[in-house]
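Residues per chain, in single letters:
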Amino acid sequence: MTAKPDLTAVEPSPSAPPEPARPDAGHPDLDYRLRQQIILSEFGVEALRGTDVDHLLQRAAELCAEGMGAEFCKALEYRPGADTLLVRAGVGWGPDVIGKARVGADLASPAGFALKTGRPVISNHLADETRFRTPQLMAEHGIRRAINVLIENREGAFGVLEVDDTREGMFAEADIAFMQGFANLLGGAIERQRTESLLRAALARQDLLAREMSHRVKNSLAIVASLLALQARAAEAEPAVQAALTDARSRVEAIAGVHDQLWRQGDGEGEGVPGELDLAPFLEKLVANLAGGRPDQRIACAAAPYRISADRAIPIGLLVNELVTNALKYAYPPDTHPEGGEIRVRAEPRPGSLVVEVADDGVGLPPDFEIGRASKSLGMRVVGSLTRQLGGQLTTPETPRGACFRLEVPLGT
C-alpha cells in the first residue's frame, strides 16, 4: 500500500525556498530526481531477488541515504509487545545502534507518528518542533531534520523507513515519493519472504509426516513378513505351500525395503524431493537381504546413484526380487553346479531410460521359457505385470552362457 503525502504531517515553512538545499544543489532538480529513480529501480531488482530481510533493509538504508544525499538513514521494525521501534538496519549510526537502539512508537515521536497514522512525516527543524519530541538517539547524533514513511504490507505495519541529517536544508514533499517507493518494495519483499518461509515450514512438516508414514508402513510390512515366515516354517509337510509363503514373504520385504529407504533417506541419510529415493542403496540392501538367505550363492550389485519416485521404485524392486529369486532357484542346479555361482544385478541411467539387468552364468533359460500371462510360472507372470506397470520393455538378450534379463524403463523429460 502506498501512503499518500499528508500536508498536516509536513512542517509548515512558508519562507522556505521551493527546492531543498542539498550538497548537490548546483545540479538541476530534474537530474536529481532522475538519479533517485535509477537508484529506486536498482533496488527493485534486489527486492525481487533477495532472500534475506536484514540484507534488504540494509541495502534500502544505504541506497535511500545515497538518493537523498543524506548522512543518516535507518529502517525501524515495530515491536508491538514493547510498543517501540527497533533500529534493524541503517547507515551513519554508531556500532551500538544497529540491532540494539530503540525509539518510541507513540504519536509524540516522528517515527511513531508515521507508524500509528500511516502518514509520511517531514520535520525540517527538529529543534523548533512543537508536534513531536526529538528522540534521544537523534539528539545524541545532532540530527536537525528527518523524514519518515511507513513500511507495510497485507500483514500490517512492519515499521518505518527514516532519513536524517545534521545539516541545514529542506526535505521536500517530492522526497516522500522516493522514500515511499523503497518502503513499498521492502513491504512486498518482507511479505514474500514470510510467505515463502511458511511454505517451507509446511513442506518440511509434510515431509516429516510422509517419512513417519513410511516408517510405520515399513514396520507393519515387517510384521506381515514375520508372520509369513512363521507360517512357512509351520508348513514343512507341504513343500509347495512353504515355497509359496516364502516367495510371498520375499515380495513383502521388497516393498518394505522401499519404505525403509524413504524413511532413512529423508531422515538425513540422503537428499532430494520428498517421495523419492536413491535407487542404488535400495537395490544394494534388497540384494543383501536375498543373499543372506542363500549363503551358498554369490549375488553382486552394481547400481549407479539415481533418484527415483517410490511409485517406480516399488515395481522395480519387486521385479529384481522375482528375477534374483528365480535365478537362485534354477540357475545353478546342485547336480551340475555343486559350488553354485554368481548372480549379478546392475542398474544405470541412460539417455531417456533406466536400464536394470539381472544376469547369471548358469544353465540358461529353457526352450519353452516365457514371460507374462502365458508363462506357467507365477513369478514370471508377476514380472510381466510389473514391466507393463512401469511402461518398460523386458528382454532376454543372448549371452555366451547363463541367462540375462534386461529391463528398460523410459524416463520422463
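Residues numbered from 1 in each chain as written. Predicted model: local features only at pLDDT ≥ 70, side-chain atom pairs only at ≥ 80, totals over all residues. Heavy atoms only, no water.

1. Here we look at the sheet that holds strand β11 (residues 353-360)
Read from one edge of the open sheet, five strands run β8-β10-β11-β13-β12, paired in mixed fashion. Of all strands in the sheet, those with a lone pairing partner are β8 (298-303) and β12 (393-395), marking the two edges. Taken over all neighbouring pairs, the strand axes of this sheet differ in orientation by 10 degrees on average, direction set aside. Relative to strand β13 (residues 404-410), β12 runs antiparallel, the two being bridged by three bridges. Paired with Leu394 across the bridge in β13 is Leu407. Those strands touched by helix α8 (residues 310-330) are β8, β10 (342-350), β11 and β13, and its axis lies near 15 degrees from that of β11. Helix α9 (residues 378-390) contacts β12 and β13 of the sheet and is inclined by roughly 25 degrees relative to β13. (Pairing = 2+ DSSP bridges. Helix = DSSP H or I, 4+ residues; strand = E, 2+ residues; numbered from the N terminus. Axes fitted to C-alpha atoms, helices over the stretch in contact; angles between N-to-C directions. Contact = heavy atoms within 4.5 Å.)

2. Observations regarding the pattern of salt bridges
In total, this model carries 27 salt bridges according to the counting rule given. Between Lys100 and Asp96 there is a salt bridge; the shortest N-O distance is 3.9 Å. The class for Lys100 is exposed, based on a relative accessible area of 54%. Judged by its relative accessible area of 57%, Asp96 falls in the exposed class. Residue Arg344 pairs with Asp361 through a salt bridge whose shortest N-O separation is 3.0 Å. Here Asp361 lies in the loop between β11 and α9 and Arg344 lies in strand β10, a separation of 17 residues in the sequence. For Arg344, a relative accessible area of 29% puts it in the partly exposed group. Of the residues examined, Asp361 reaches a relative accessible area of 24% and is grouped as partly exposed. Residues joined in a network through salt bridges with shared partners are Arg346, Glu348, Arg350, Glu357 and Arg406. (Salt bridge = Lys/Arg side-chain N within 4 Å of Asp/Glu carboxyl O. Buried < 20%, exposed > 50% of the residue type's maximum accessible area, 1.4 Å probe, protein only.)

3. Quick word on the nonpolar core
By size, the foremost hydrophobic cluster in this structure holds 40 residues, and its most contacted members are Leu279, Leu283, Ile316, Val320, Val324 and Leu354. Those elements that place two or more of their residues in this core are α6 (239-269), α7 (279-292), β8, α8, β10, β11, α9 and β13. Residue contributions to this core peak at 10 residues, all from α8. Setting aside anything within four residues of it in sequence, one finds Leu279 in contact with Tyr306, Ile308, Ile316, Ala347 and Leu354. Among the nonpolar cores identified, the runner-up in size contains 34 residues, and Ile147, Val149, Phe158 and Ala183 belong to it. (Core = buried A, V, L, I, M, F, W, Y, C linked by side-chain atoms within 4.5 Å.)

4. Regarding helix α3 (residues 110-117)
Of all eight residues making up α3, six are buried, and the element is well covered by its neighbours. Listed as buried for α3 are Pro110, Ala111, Gly112, Phe113, Ala114 and Leu115. Its buried side turned inward, α3 meets β1 (72-79), β2 (84-91), β3 (102-104), β4 (121-123), β5 (145-153) and β6 (156-165). Remark: Gly118 follows α3 within two positions and exhibits a positive phi of approximately 75 degrees.

5. A closer look at the sheet that holds β1
In a beta sheet, neighbouring strands are held together by backbone hydrogen bonds and run either parallel or antiparallel to one another. In space, the six strands of this open sheet follow the order β3-β2-β1-β6-β5-β4, with antiparallel pairing throughout. Of all the strands in the sheet, the pair left with one neighbour each is β3 and β4. The mean angle between the axes of side-by-side strands here comes to 25 degrees, regardless of whether they run parallel or antiparallel. Of the pairings in the sheet, the one linking β5 to β6 comprises nine bridges and is antiparallel in character. By the bridge assignment, Asn148 is partnered in β6 with Glu162. Where α3 meets the sheet, it contacts β1, β2, β3, β4, β5 and β6, and its direction lies at approximately 150 degrees from that of β6.

6. Concerning the environment of Leu227
Relative to the assigned elements, Leu227 resides in helix α5 (residues 173-234). Judged by its relative accessible area of 51%, Leu227 falls in the exposed class. Separated by 18 residues in the primary sequence, Leu227 and Leu245 have C-alpha atoms spaced 9.7 Å apart.

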